[in-house]
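Working through the structure, step by step
Residue-level listing of the chains:
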Amino acid sequence: MGIFNIKSKDECRYDCISLGEVMLRFDPGEGRIRTARSFRVWEGGGEYNVSRGLRKCFGMDTAIVTAFADNEVGRLIEDFIMQGGVDTRFIRWVPYDGIGRSVRNGLNFTERGFGIRGALGVSDRANTAASQLKRGDIDWEAIFGKYGTRWFHTGGIFAALSETTPEVVLEAVRTAKKYGTIVSYDLNYRPSLWKGIGGQEKAREVNREIARYIDVMIGNEEDFTACLGFEVEGNDEELKELNLDGYKKMIREVMMTYPNFKVVATTLRTVKTATINDWSAICCVDGEFYKARDYNGLEILDRVGGGDSFASGLIYGLMTTGDPQKAVEYGAAHGALAMTTPGDTSMATLREVEKIMAGGGARVVR
Ligand SMILES: O=C(O)C(=O)C[C@H](O)[C@H](O)CO
């Protein structure tokens, strides 16, 4: 047996199902939100992006559980999701009241940053249909029992949307466990979301409870501190230098506190400028660490979604190879490639990911 017992494809309709909010992303291209005259739109959402990557780059069968207000904006986001090949059958459509007083769809304005100017996100997402999901709204028995999925992914963005969404996560992960589905969770700390509902203290309370049901815990350097309260010894404030020993020590402590975590994975990003980052990742299984190759001086076009593409690559690697070293390499390579193109989701192919993993360069192909 490998790291865990993953259900076989013949018992399950899906390889992976995500639970999360999907917003309409407004991208001002090279410019700034405050002076934009036109925006390009995409769909995006931390948890969704993972299933999108698994579908589009890695060829797996995936679906999204979310909710939209039933208006033209919701239908546009649905259209993007359909284009990405993620199954839309579990989307809950909520009647629209004509002005968004009671329910709306999330809008996410994001500029990419360049050089000394960092990326900037401005979301407009209160009272969305997804944030209003509550216990009992989704038929998890049907999802995990009737259809079946080998893997379930959700995360700390969805859990932070409102007072009711953590309950939805707990309901989902408990049912997933009942049916033997592997569960991954990306902590994805978003201060703006927690601010109005109890701040970091509440984030820790919620995430600590959810953590007890998670098999694969994913986060970046800051998430384990913000969401679960683990400190990394010797980190500088700005995370200018990579403190690998500190992370390893912290991850060991995390795994002792949560013995249910079979895999803990974290991306390692040192921001030199918005455009140049050092990038890598580590994962830990059974007390052993596996580190991806270093992408030092990686040139970034759009960093948003890099962590999600890391997660989808990691999950693909864990599901298909069961080898943590390969899994972390798939994750880091897919994350790196995703940051070379605009939009939240990757435009990479499996062949490109594997070429990068093997140390391939950027010579023209024609
Ligand atoms: O930050 C959020 O809440 C989002 O879901 C927006 C982006 O899609 C997400 O940050 C990408 O990881």
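One can find the structure itself at the top, above this paragraph.
These figures come from a predicted structure and were not determined experimentally.

Surrounding the ligand, one finds Met23, Gly44, Gly45, Gly46, Asn49, Asn108, Arg125, Ile157, Arg190, Val304, Asp308 and Asp344. The separation between an oxygen atom of the ligand and a polar side-chain atom of Arg125 is 2.7 Å. Between the ligand and Arg190, the relevant distance is 2.7 Å, taken from an oxygen atom to a side-chain nitrogen or oxygen of the residue. Burial of the ligand by the protein amounts to 89% of the accessible area it has alone, namely 310 Å². Classifying every residue of the shell around the ligand gives three nonpolar, five polar and four charged.

Moving on, we get to unusual backbone geometry. The phi dihedral of Asn188 is positive, around 35 degrees, even though this residue is not glycine. Assessed through its relative accessible area of 10%, Asn188 is described here as buried. A positive phi is found at Asp286, a non-glycine position, where the angle reads about 55 degrees. Residue Asp286 is classed as exposed on the basis of its relative accessible area of 75%.

This brings us to the packing of aromatic side chains. Taken as a whole and assessed by the stated rule, the structure comprises 16 aromatic pairs. Consider the rings of Trp140 and Phe144, whose centres lie 5.8 Å apart with planes at 25 degrees: the pair is stacked. In this pair, Trp140 and Phe144 both sit in helix 3 (residues 140-147), four residues apart, roughly one turn of the helix. Here Phe144 and Phe152 contribute two aromatic rings whose centre-to-centre distance is 5.3 Å and whose plane-to-plane angle is 75 degrees, an arrangement assigned as edge-to-face. Of the residues examined, Phe144 reaches a relative accessible area of 1% and is grouped as buried. Residue classification places Phe152 among the buried residues on the basis of a relative accessible area of 0%. A connected cluster of aromatic rings, assembled from ring pairs, spans Tyr14, Phe90 and Tyr147. Sitting over the ring of Tyr14, Arg13 keeps its end group 4.6 Å from the ring centre. The ring of Trp93 carries the charged tip of Arg75 above its face, separated from the ring centre by 3.5 Å.

Strands sit in the order 3-2-6-7 across an open sheet of four strands; the sheet is mixed. At either end of the open sheet lies a strand with only one pairing partner, and these are strand 3 (40-44) and strand 7 (120-124). Taken pair by pair, the neighbouring strands of this sheet meet at an average axis angle of 25 degrees, ignoring direction. Where strand 2 (residues 23-27) lies against strand 3, five bridges are found, and the strand directions are antiparallel. Directly across from Met23, in strand 3, lies its bridge partner Gly44. Docked against the sheet, helix 2 (residues 72-83) engages strand 2, strand 3 and strand 6 (107-111), running at close to 75 degrees with respect to strand 3.

What the rule picks out here adds up to zero disulfides. Cys12 takes part in no disulfide bond, and the closest cysteine sulfur to it belongs to Cys16, at a distance of 11 Å. According to the relative accessible area criterion, Cys12 is buried, its value standing at 7%. Free of any disulfide, Cys57 has its nearest cysteine sulfur in Cys16, 14 Å distant.

With that out of the way, let us pick up the side chain of Asp27. For Asp27, the location among the structural elements is in strand 2. Within the structure, Asp27 has its side chain in polar contact with the backbone nitrogen of Gly29 (distance 2.7 Å). For Asp27, the side chain forms a polar contact with the side chain of Trp42, separated by 3.2 Å. Every residue in contact with Asp27, bar those within four places of it in the chain, is listed here: Phe39, Arg40, Trp42, Thr110, Arg112, Asp302, Pro342 and Gly343.

Parameters and conventions
- Residues numbered from 1 in each chain as written.
- Predicted model: local features only at pLDDT ≥ 70, side-chain atom pairs only at ≥ 80, totals over all residues.
- Heavy atoms only, no water.
- Near = heavy atom within 4 Å.
- Polar contact = N/O pair within 3.5 Å; in protein donor to acceptor, adjacent residues only side chain to side chain.
- Areas by Shrake-Rupley, 256 points an atom, 1.4 Å probe, with all protein chains shown as cover.
- Nonpolar A, V, L, I, M, F, W, Y, C, P; charged D, E, K, R; others polar.
- Buried < 20%, exposed > 50% of the residue type's maximum accessible area, 1.4 Å probe, protein only.
- Phe/Tyr/Trp six-rings, centres within 6.5 Å; stacked < 30°, edge-to-face > 60°.
- Helix = DSSP H or I, 4+ residues; strand = E, 2+ residues; numbered from the N terminus.
- Lys NZ or Arg CZ within 6 Å of the ring centre and 35° of its normal.
- Pairing = 2+ DSSP bridges.
- Axes fitted to C-alpha atoms, helices over the stretch in contact; angles between N-to-C directions.
- Contact = heavy atoms within 4.5 Å.
- Disulfide = S-S within 2.5 Å.

Note that every value here comes from positions in space, so none of it alone points to a role or purpose.
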